[in-house]
Every structure is written in structure tokens, then in C-alpha cells.
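What follows is each chain in one-letter form.
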Amino acid sequence: MKTVLHRLSPFAIALARMLVQATGIVVVVFLLARLVPGDAVDVKGLEGDLTAAQQVALRHELGLDRSVPEQLVAWSWRALKGDFGDSIRFGRPVSGMLGTALPTTLLFAALSFALGLGLALALAVGAVTTGNRVLRELVNLFSVWSIALPTFCVGVIGILVFSVWLGWLPVLGSMNLPVIIIGIDSAGVIVKPLHEELREAATSAHVRTARAKGLAPWRIALRHLLPTAVPVMLALSGLVLTSLVAGTLTMEVLFGLPGVGSLLLNAIHGRDYPVIQAAILVIAVALVVINAATDLLHRLIDPRMTS
Amino acid sequence: MSLALPSEVGGAVRRGLSPRTVIAALVLAAIIALALAAPLITPFDPLDQDLLALNQPPGAEHWLGTDHMGRDVFSRLVMGARTTLVVGFGGALVAFILGAGLGLVALSFGRAAETAMFALIDLVRAMPDVLLALLLIVALGAGAQPVMIALGIAFAPFFAYVARATFHREAVKDYVTAARLFGGGRLHVLRLHIAPNLVGGLITQAAILLPRCVVTESVLSFLGLGSSPDQPTWGRMVADASHYIETSPHAILAPVLAIVALTLSLSMIGDAVRRRLDPLRAADEAAL
């Protein structure tokens with residue numbers, strides 16, 4: 001019984017931390033959106049001619065005349081049920097708009113994430129097992145790439161080369177190029193720490209023994225290095241997620257992909273506050289949940305984390 | 001790890017500037033010089049529209065051509081360097097002051113204050129920096145100043161973490177214990193004995209974060225959330241020109257290459273600063 005509790009408590013802590021973070025984000029998003037001068041009724045009032053009495057009535061109907069904590073609780077309760085209100089510009093429910101935009105973003109992010117982790121893992125393990133100079137330089141190159149090259153600049157050059165000059169890809173709507181760009185960018189975020197960690201693992205006794213037994217390098221890589229690499233990668237994947245958000249936003253705008261990023265930016269330019277709040281909330285909470293999930297996975301597969 | 005560096009590794013670390021760092025420093029100096037001299041060297045007003053010369057390729061009159069509204073690309077590039085540098089560097093400075101300041105204040109007030117402050121900072125860190133900056137800009141309104149503040153708040157946690165880590169590393173050392181045994185108060189020890197050791201780490205962090213600040217600024221202005229439309233920035237120039245990429249690639253290539261040159265040289269200089277101020281770690285890397 002005690003051992004079960006002992007193994008479960010880190011999960012409870014991870015879950016509790018996730019809930020606290022998610023709650024914090026809800027409060028921050030709500031309060032920052034309240035800092036904006038003028039409310040939804042003012043925005044509407046500027047467009048049409050609402051009389052003062054109509055404005056008061058509308059404010060009452062939307063609950064804008066109540067205290068801020070009251071509004072926060074009501075808003076979070078409705079958001080929890082998936083009701084983010086209606087878009088000011090289009091009059092449609094925000095949840096529906098998010099629903100149509102989410103699949104594009106999820107597919108894009110999942111593909112880039114998988115490509116990034118795969119690339120980083122292959123490169124780091126390859127560089128450590130073979131000691132190849134080219135692979136080692138690639139590790140450095142990817143790392144510099146992700147620090148110094150904004151993804152939208154790479155995207156522009158990619159469009160120029162592959163779509164305008166070579167004519168291989170359509171300029172808009174294609175997901176191939178942006179996934180490759182963000183994949184390389186994500187790989188660059190973690191490949192250097194991963195490589196360093198693996199280099200240290202490669203000097204450990206069990207790898208030395210494997211080498212002394214005369215095992216093939218690929219076998220050492222798969223059976224003896226990969227098991228140490230995967231937990232490290234999971235621990236680093238949070239960093240990838242952060243850079244993935246910026247990448248997804250810019251790529252969706254640049255390549256005309258109809259995802260949450262495009263929705264959010266259009267909303268910002270049109271001052272469509274319910275959509276802005278909902279989109280930022282969904283992205284931020286999704287990140288917290290994914291981070292908690294990878295944290296749990298890390299604890300599950302790495303026994304050192306629970307002992 | 002032993003405290004003394006092996007002599008040959010120490011020599012390798014202090015070998016002086018690598019050619020890469022020198023080139024990076026020269027590129028950065030050139031960009032800063034252009035930005036400072038901007039009003040003197042711009043051949044045209046960066047906002048002047050010449051509607052008879054839209055999307056002109058580079059030539060004798062317009063060195064880098066004109067954009068879709070007939071504005072001189074070279075003049076906009078040079079004036080844009082000012083905004084990009086001021087906002088990017090300003091954001092890093094705000095982050096430095098805010099992060100190091102709040103971190104140190106919390107640390108000097110003791111355990112409870114530290115826990116509370118860093119719980120708050122962790123909360124801010126739970127949101128990715130671009131998303132947080134975006135939300136702050138929505139709340140504060142677009143413009144150079146809000147973007148600087150947004151960048152500052154988004155990147156401040158890194159400095160606070162460095163301050164805390166160094167503080168705890170130093171606080172257990174013998175010289176701090178000795179200073180306390182001599183009757184030094186908490187604040188006295190922090191100011192006189194621990195603070196000098198914080199400087200190196202904080203400057204290293206600033207050097208690492210500077211390119212990220214500049215990149216984030218250019219991303220934000222590319223998304224149309226940077227400074228106001230009458231202030232040219234490199235990110236905004238890329239966004240404007242992206243609709244005409246097929247007909248006039250020069251208008252987009254110029255700002256893209258400028259951003260890449262700036263961020264690349266900044267990150268190389270950052271790397272050099274880190275190697276110089278963090279010799280133990282650099283020696284570690286060289287030995288492996």
C-alpha cells in the first residue's frame with residue numbers, strides 16, 4: 001500500500017501543478033484582456049449607433065456591470081463548458097471558429113514536433129556513436145539555426161527558392177515546407193543539450209562494456225544509448241513546445257494555413273476580444289496539459305525519477 | 001571538479017578573439033553605425049511614396065529598389081535598423097532590470113518572499129514568451145514602448161532564475177559563512193559578498209537572451225504587432241513585401257538578410273561572451 005502511494009504521489013503533484021498553472025493562466029488571460037480600454041459594448045457602439053440606454057442594457061445582459069471577480073468566475077465557468085461567447089466581428093460562437101481552426105494547427109504542430117524530436121534524436125545518437133565530424137558540425141549548425149534564424153525569415157527564403165524560383169511547391173496552403181522548417185527549428189532547440197548528455201552517457205561503463213564485447217555501433221546506439229536518450233529528450237521537449245508556438249503562428253500567417261494562429265492574428269487586428277481570449281487560453285492550456293503529460297511519461301519510463 | 005583550470009585548457013579559453021567573433025562584432029558595429037547615422041545617409045524619406053516607381057528593382061537611383069508603395073527600400077532598411085535595435089535591446093534591458101531586480105529583492109527578504117516571488121515567476125514562465133508578449137501587446141496597445149515592456153516581462157524570468165541559482169550556490173560557501181559570523185546582516189552580505197558574483201552570470205544570460213529578444217521583436221513586428229505603421233521595422237517590411245514576393249523579391253530579401261545578419265552576429269558575440277565569463281563550463285566543453 002505504502003509503495004503504491006509512493007509511486008502515485010509524484011503523479012498527484014504533477015496533476016496539481018498542472019491545475020494550478022492552468023488556473024493561473026485563466027486568471028492572467030482574463031485580467032490582461034480587462035486592461036484593454038473599452039469593452040465589447042464600446043466596440044459595438046463605435047460601429048452602430050447604440051443609445052446610452054441600449055448600451056446599459058447590453059452591458060447588463062453580457063454581465064459587464066458586475067464586479068471583476070464575479071465576471072472572472074462566470075467567464076471561467078462558461079469557458080470550462082466550452083462556451084467562449086460570440087465573436088464580436090462575426091457574431092458566431094467562438095467555440096465553433098476554434099473547432100474549425102484546431103485540426104489544421106494540431107496536425108501542423110504534431111508533424112513538426114515529431115519531425116523535430118526524430119531529427120534531434122537521430123542526429124545526437126548518430127554523432128555520438130560514430131564520432132563523425134560532419135554530424136557533430138550539424139549538431140552545432142542546427143543549434144545556431146534555431147537561436148539566430150527567425151523561422152519566418154527561413155520561410156521567406158524557402159518560398160523564394162522552392163516556390164518562386166524552382167516552382168516545386170505552391171506558395172500558399174502547402175504544409176510541406178513549413179513542417180520541415182519548424183521541424184529543423186525544433187530539433188535545433190534540443191539537439192545540443194541532448195548531444196552533450198549522450199556524450200556523457202557514452203563514457204559510462206555499460207557502453208564501454210558493449211563496445212569491448214565488439215557490438216556493432218548501430219546496436220550500441222539502439223540498445224544502449226537510446227534508452228538513456230529518450231528520457232532526456234522528454235525532459236527537454238517542453239522547450240520545443242515553447243518555440244513551436246512562435247513557429248506555428250508565423251508559419252500559419254506566412255503560408256496561409258487556416259489554423260488557430262491565423263484566427264488569433266485576425267482577431268487581434270480586428271479587436272475581436274472574445275476570440276483573442278479564447279485562442280490564447282486554448283493554446284496556453286494545451287501547452288500546460290502536454291507538458292504535464294510528458295512529465296508523467298518521463299516519470300513512468302525513468303525509474304530514477306520516482307526513487 | 002577542481003577549482004584550478006588545467007593550464008593548457010585555460011590557455012585555449014583565453015586565446016583571444018576568434019575570427020568568427022571579430023567578423024560578428026564588425027557586422028554588428030556596421031549595423032549600429034548605419035542606425036546612428038540614419039538621417040544623414042538615407043537618400044529618401046522612408047515614408048515617401050513614389051507612385052510612379054512601384055516595385056522597382058535595385059538600380060542607380062534606388063540602391064535596393066522600391067517596395068509596393070514606391071518607398072525606397074534602402075532608406076526604410078536603415079531607419080528600420082533604429083527601431084529594431086532600440087526595441088530589441090530595450091526589451092532585453094527591461095528584462096534584465098525587472099528579472100534581476102525582482103529576484104534580488106525577493107532573495108534579500110528571505111525564504112517566504114522568495115517562494116512567493118518565484119511561484120509568480122513560474123506562472124509567467126508557464127506561457128511561451130511569444131504568446132505572453134502577444135497578450136501583453138493586446139492589453140497595452142501596439143507601439144515601440146509596449147513591445148519593449150512585453151519583451152521585458154516575457155524574458156525577465158530567465159534573469160531571476162540565474163540570480164537565484166547563483167545566490168544559492170554562493171550562500172553555502174565558506175566566505176559567506178565567515179562574513180555572517182563576523183556579524184554581517186543579510187543585506188550586507190548580499191550586497192558586499194554575493195552580488196559581485198552575480199554579475200558574471202547575469203551578463204552571460206543577457207548576452208544569450210539578446211538575440212532571442214531581437215528575434216522575438218522581429219516576429220512580433222512581422223505579425224503586425226510591433227511599433228506603429230509609420231515607423232519602419234524589419235519584421236514589418238518582410239510582412240508588407242510578402243504579398244509581392246513573386247514580382248519583387250528584392251523588397252523582401254533585403255530585410256530578411258538584415259535580420260539574419262543581426263541575429264547571427266548577436267548570437268556569435270553572445271557565445272563568445274559566455275565562453276569568456278564562464279570559463280569552467282567552456283573548458284568542460286573543450287575537454288569533451
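Residues numbered from 1 in each chain as written. Chains lettered and ligands numbered in written order. Predicted model: local features only at pLDDT ≥ 70, side-chain atom pairs only at ≥ 80, totals over all residues.

## Here we look at the overall build of chain A
Counting secondary structure elements, chain A contains 12 helices and zero strands. Seen through its principal axes, chain A has C-alpha atoms that stretch 85 × 65 × 25 Å. Scored against the burial criterion, the 307 residues of chain A give a buried share of 37%. Of the contacts formed within chain A by residues at least 6 apart in sequence, a portion of 73% connects residues at least 24 apart. (Helix = DSSP H or I, 4+ residues; strand = E, 2+ residues; numbered from the N terminus. Buried ≥ 20, exposed ≤ 12 C-beta atoms within 10 Å, placed from the backbone. Contact = placed C-beta atoms within 7 Å.)

## Here's the deal with the overall build of chain B
Within chain B one finds 12 helices and zero strands. Burial status across chain B gives 42% buried among its 288 residues. The contacts of chain B with a sequence gap of at least 6 include a subset with a gap of at least 24, amounting to 71%.

## Describing the packing of helix α5 (residues 111–125) of chain B against helix α7 (residues 144–171) of chain B
Residues and elements named next belong to chain B. It is at 10 Å that the axes of α5 and α7 come closest, and there the two elements cross at 140 degrees. One way to sum up the angle between α5 and α7 is to call them oblique. Between α5 and α7 the crossing geometry is left-handed. Here α5 contributes Phe118, Ile121, Val124 and Arg125 to the contact with α7, which in turn contributes Pro157, Ala160 and Arg164. Taken together, the residues of the contact of α5 with α7 break down into five nonpolar, no polar and two charged. (Axes fitted to C-alpha atoms, helices over the stretch in contact; angles between N-to-C directions. Parallel < 35°, antiparallel > 145°, perpendicular 65-115°, else oblique. Left-handed = near helix turned anticlockwise from the far one by under 90°. Nonpolar A, V, L, I, M, F, W, Y, C, P; charged D, E, K, R; others polar.)

## Observations concerning the interface of chain B and chain A
Contact with chain B, which involves 32 residues of that partner, is made by 37 residues of chain A. Listed by contribution, the elements that provide at least two residues to the side of chain B that touches chain A are α6 (129–140), α9 (186–222) and α11 (250–277) of chain B. By residue class, the composition of the side of chain B that touches chain A is 25 nonpolar, five polar and two charged.

## Topic: the confidence of the model for chain B
Residue and element names in this part refer to chain B. Looking at chain B, pLDDT values average 82 and 88% of them are 70 or higher. The low-confidence segment residues 1–13 (pLDDT under 50) makes 14 contacts with residues lying over four places distant or belonging to another chain. This complex was scored by the predictor with a pTM of 0.83 and an ipTM of 0.80. (pLDDT = per-residue confidence, 0-100.)

## Comments concerning the nonpolar core
Residue and element names in this part refer to chain A. Among the nonpolar cores identified, the biggest contains 157 residues, and Ala120, Ala124 and Ala279 are the most heavily contacted of them. No other element matches the 16 residues that helix α10 (residues 217–255) contributes to this core. Here Ala124 is in contact with Val139, Val191, Leu194, His195, Leu198 and Ala229, once residues within four sequence places are set aside. (Core = buried A, V, L, I, M, F, W, Y, C linked by C-beta atoms within 7 Å.)

## Here we look at the environment of A:Val189
Residues and elements named next belong to chain A. In this fold, Val189 is placed in helix α8 (residues 176–202). For the pair Val189 and Leu265, spaced 76 residues apart in sequence, the C-alpha to C-alpha distance is 25 Å. Non-local contacts of Val189, meaning those with residues more than four positions away in its chain, are made with Ser146, Leu239, Val240 and Ser243.

## Here we look at the confidence of the model for chain A
Fine structural detail should not be taken from predicted coordinates in areas where pLDDT scores are low. When pLDDT is averaged across chain A, the result is 83; 91% of the residues are at 70 or more. When mean pLDDT is compared element by element in chain A, helix α5 (residues 94–130) of chain A scores highest at 90, while helix α2 (residues 40–47) of chain A scores lowest at 64.

## Details of the packing of helix α9 (residues 205–212) of chain A against α10(A)
Axes are the key here: two packed helices are described by the angle between their axes and the distance separating the axes. Residues and elements named next belong to chain A. α10 packs onto α9 with a crossing angle of 160 degrees between their chain directions and a minimal axis gap of 10 Å. Regarding the angle of α9 to α10, the classification is roughly antiparallel. Here α9 runs over α10; the crossing is right-handed. Within the contact between the two elements, α9 uses His206, Val207, Ala210 and Arg211 and α10 uses Ile220, His224 and Leu225.

## Comments concerning the environment of B:Ala30
Assignment of secondary structure puts B:Ala30 in helix α2 (residues 19–36). Classification of B:Ala30 by C-beta neighbours within 10 Å gives partly exposed; the count is 13.

## Notes on helix α11 (residues 260–269) of chain A
Counting buried positions along α11(A) yields eight of 10 residues, so the element is predominantly enclosed. The set of residues buried in α11(A) consists of A:Val260, A:Gly261, A:Ser262, A:Leu263, A:Leu264, A:Leu265, A:Ala267 and A:Ile268. Tucked into the core, α11(A) has its buried residues touching α5, α10 and α12 (273–301) of chain A together with α6 of chain B. Just beyond α11(A), the residue with positive phi is A:Arg271, at close to 50 degrees.

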